[in-house]
Amino acid sequence: MTATTCDDRPPGGGPAPRWSPRRLGHHRYLWWAGSLVLAAAAVGLAIALDTSPGPGLTDGGALAVVVVVFLLAPVLVWMTGLELVTAVRRRVRDDVRVHGTGQPARGAAPAVVPGERAWARAPQEVLLHVDVDHVADAARIVERAVPGGRHRVVETGRETLRLRSGRGTLTATGRDGHVRHRATRHARPGHHRARWELELDGRRLGVEVHGLQPVPRRTLLEPDGTAWLVHMGTPSLLDQLRGGRAARLRPHGRLPEDLTPDAVAFCLWMFCELETHQDRVRRYGREYGAARPEPVADAWAGHPPPDGPDGPAAHETLEPQEDRP
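Keep in mind that what you see is a predicted model, and the values were worked out from it rather than measured.

(A) Up close: the nonpolar core. With 39 residues, the main nonpolar core has Leu198 and Leu220 as its most contacted residues. Contributions of two or more residues to this core are made by strand E2 (124-132), strand E3 (135-146), strand E5 (160-165), strand E6 (169-173), strand E8 (193-200), strand E9 (203-210), strand E11 (227-231) and helix H4 (261-284). In terms of residues, this core owes the most to one element, H4, which gives 11 residues. Once residues lying within four places of it in the same chain are set aside, the contact partners of leucine 198 are Arg182, Ala183, Arg203, Arg204, Leu205, Val207, Leu220, Cys267 and Met270.

(B) Just helix H1 (residues 28-48), in detail. An ideal rise of 1.5 Å per residue puts 30 Å on 21 residues; H1 measures up with 31 Å between its terminal C-alpha atoms. All of the buried residues along H1 are Tyr29, Ala39, Val43 and Ala46. For H1, the arc enclosing every buried residue in end-on projection is 115 degrees, short of the 170-degree limit, so these residues lie on one face. Among the exposed residues of H1, those oriented more than 90 degrees off its buried face are Trp31, Val37, Leu38, Leu45 and Ala48.

(C) Broad picture of a nonpolar patch on the surface. Taken together, the side chains of Trp31, Leu237 and Leu241 define a hydrophobic patch exposed on the protein surface, amounting to about 430 Å² of accessible area. Here leucine 237 lies in helix H3 (residues 237-242). Judged by its relative accessible area of 54%, leucine 237 falls in the exposed class.

(D) Region of the structure containing H4. Between its terminal C-alpha atoms H4 stretches 35 Å, which fits the 34 Å expected from 24 residues at 1.5 Å a residue. With 19 of its 24 residues buried, H4 lies for the most part within the structure.

(E) Molecular detail of the pattern of salt bridges. Considering all chains together, one arrives at 17 salt bridges under this definition. For the salt bridge of arginine 144 with glutamate 155, the shortest nitrogen-to-oxygen distance reads 1.9 Å. One end of the pair, arginine 144, is in strand E3; the other, glutamate 155, is in strand E4 (residues 149-156), and 11 residues separate them in sequence. Note that arginine 188 is salt-bridged to glutamate 208, the shortest N-O span being 3.3 Å. Pair noted here: arginine 188 is in the loop between strand E7 (179-187) and E8 and glutamate 208 is in strand E9, with a separation of 20 residues, a long-range link. A cluster of three or more residues bridged by salt bridges with shared partners is formed by Arg158, Glu159, Arg180, Asp201 and Asp262.

(F) Layout of the environment of glycine 102. By the secondary structure assignment, glycine 102 is in the loop between helix H2 (60-90) and strand E1 (103-108). In this structure glycine 102 comes out as buried when scored by relative accessible area, which is 7%. Remark: the alpha-carbon pair of glycine 102 and aspartate 258, spanning 156 residues in sequence, is separated by 8.7 Å. For glycine 102, the residues in contact, after removing those within four places along its chain, are Trp228, Arg254, Leu255 and Glu257.

(G) Representation of the pairing of E6. Among the 5 residues of E6, 5 are classified as buried, and the element is accordingly described as predominantly covered. Side chains Thr169, Thr171 and Thr173 of E6 all project onto a buried face; the interleaved residues Leu170 and Ala172 project onto the opposite face, where all are buried too. Where E5 folds back onto E6 in an antiparallel hairpin, the turn is made up of 3 residues. In this antiparallel pair of consecutive strands, E6 and E7, the connection spans 5 residues, and glycine 177 shows a positive phi of 85 degrees.

(H) Summary view of the side chain of glutamate 155. For glutamate 155, a relative accessible area of 17% corresponds to the buried category. In this view, glutamate 155 contacts Ala138, Ala139, Arg140, Val142, Arg144 and Thr160; residues no more than four positions away in its chain are not counted.

(I) Focus on the side chain of glutamate 275. Within the element layout of this structure, glutamate 275 appears in helix H4. Judged by relative accessible area, glutamate 275 falls into the buried class, the value being 8%. Once you skip the residues sitting within four places of it in the chain, glutamate 275 turns out to touch Val215, Arg218, Met232, Leu249 and Arg282.

The rules we used
Residues numbered from 1 in each chain as written. Predicted model: local features only at pLDDT ≥ 70, side-chain atom pairs only at ≥ 80, totals over all residues. Heavy atoms only, no water. Core = buried A, V, L, I, M, F, W, Y, C linked by side-chain atoms within 4.5 Å. Buried < 20%, exposed > 50% of the residue type's maximum accessible area, 1.4 Å probe, protein only. Helix = DSSP H or I, 4+ residues; strand = E, 2+ residues; numbered from the N terminus. Contact = heavy atoms within 4.5 Å. Expected span 1.5 Å × (residues − 1). Arc of directions from axis to C-beta. Patch = residues over 30% accessible without salt bridge, like charges linked within 9 Å, V, L, I, M, F, W, Y side chains within 5 Å. Areas by Shrake-Rupley, 256 points an atom, 1.4 Å probe, with all protein chains shown as cover. Salt bridge = Lys/Arg side-chain N within 4 Å of Asp/Glu carboxyl O. Pairing = 2+ DSSP bridges.

And the structure:
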């Protein structure tokens with residue numbers, strides 16, 4: 001059973017109502033609003049603890065708190081409004097309400113082994129375990145050390161596919177050299193807008209990239225309008241501070257039933273790569289015109305090519321490069 005949509009707006013954000021707070025590009029405005037609320041609570045507490053019998057605030061501590069909060073209040077209000085407006089302007093437009101109910105898929109990094117040395121790169125490391133249709137570890141993404149670099153492969157019980165990534169493509173190739181799965185970026189008009197087309201065993205799926213703010217979910221759309229939802233599994237703030245495996249994405253969702261385990265693994269890995277490169281662009285501050293661009297990350301995040309969105313480079317597909325170390 002699948003659910004379809006005839007909406008012509010680009011997907012990418014999930015089945016939330018258009019003006020729901022979950023539809024906003026990010027929630028940094030909540031930090032500023034929370035700071036404003038805490039400041040107001042501090043003022044109220046300071047006034048309540050002022051035991052001076054005379055009128056007004058004569059207690060030194062309470063007066064200092066009130067003065068500091070009133071000096072910071074304009075900054076907090078300004079940043080709250082600025083972040084809220086930015087979130088509304090940069091949110092992904094998606095009116096897809098219902099998604100397909102195909103096979104469940106889940107990807108997770110391997111558990112941390114107590115006592116394991118985190119600073120040494122192992123000759124072989126499992127980057128992502130993929131559970132497909134309630135089958136545990138049906139596929140996995142493995143990184144292996146080879147002479148001259150490191151290769152990433154998709155392993156299943158039947159075969160092993162070599163992963164290659166470039167500025168505009170991500171491919172999975174069999175031992176015979178045949179490309180089984182491919183993801184290709186197509187630039188869209190506008191700032192940091194692109195559409196990724198996935199070819200998974202002959203099935204075509206598309207996903208929109210709009211803006212640089214992290215999204216909690218991705219929507220795949222088939223040519224007939226069938227929508228499939230994948231949650232990105234963004235790590236918590238504590239996991240991000242811990243780093244390493246704890247900071248990796250854990251994508252999970254529903255995908256078409258006829259996809260093989262290696263196709264599901266490729267799809268989830270493509271989402272992880274997309275989120276990783278978008279995060280690199282955000283860290284470099286590319287959206288604010290930083291002087292140090294990151295070309296590879298820009299291409300993944302959908303930054304317009306130098307020739308412009310309508311130039312010859314807009315639809316250029318670069319050949320896959322060797323795997324990054």
